[in-house]
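# Fold and contact review
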Amino acid sequence: MTAEDPLLGETTYAFSRHLGLELVGWSKDYARMSLPVEAFLRNRHGAIHGGVHASMLDTVMGYAGCWTGDPDQPQMCLTLSLNVQYLSRPLGTVLFAEGRRTGGGKSTFFAEADIKDDTGELIATGTGVFRYRRR
């Protein structure tokens, strides 16, 4: 199953679809994603797997730095460095990640992000360094 994302103007990629990650906001230097908390995202002791948080942070920061405003001219990037701080367990049923491009230049950019649940609980934060891919 594929789904075209109205914010992207392109088909969402398989890994995001598999997790249930959805882009719900995107503009210059900013992106927001949501993810319903599902049983398959949990680890052996019932918490959301840390890799899910890392994937959300990585993805939302990448989108935050790749806004072009033109679906016919997409910008892609590669993650060079990713740092994650795990702070709490979700209390709610949906996770929201917000990413912000904080700086950079022609070939690389820096970003930060956080994940909160639908109760407002801060779950994780992250920072990253990304390299733009040539078009």
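Summarised in this report is the structure supplied together with it. (Residues numbered from 1 in each chain as written. Predicted model: local features only at pLDDT ≥ 70, side-chain atom pairs only at ≥ 80, totals over all residues. Heavy atoms only, no water.)

Another point: the overall build of the chain. In terms of helices and strands, the chain carries 2 helices and 8 strands. Sequence-ordered secondary structure for the chain, helices as α and strands as β, is β-β-α-β-β-α-β-β-β-β. By the compact-globule yardstick of 14 Å for 135 residues, the chain fits well, its C-alpha radius of gyration being 14 Å. Over its C-alpha atoms, taken along the principal directions, the chain stretches across nearly 45 × 30 × 25 Å. (Helix = DSSP H or I, 4+ residues; strand = E, 2+ residues; numbered from the N terminus. Rg over C-alpha atoms; globule rule 2.2 N^0.38 Å.)

With that settled, consider the sheet that holds strand β3 (residues 22–27). Spatially, the 6 strands line up as an open sheet ordered β3-β4-β6-β7-β8-β5, and their pairing is antiparallel. Two strands lie at the open edges of the sheet, namely β3 and β5 (77–86), each paired on one side alone. Sheet twist, expressed as the mean angle between neighbouring strand axes with direction ignored, is 20°. Strand direction decides the pairing type here: strand β4 (residues 30–36) and strand β6 (residues 94–104), joined by 7 bridges, are antiparallel. Its bridge partner being in β6, M33 is matched across the sheet by A97. (Pairing = 2+ DSSP bridges. Axes fitted to C-alpha atoms, helices over the stretch in contact; angles between N-to-C directions.)

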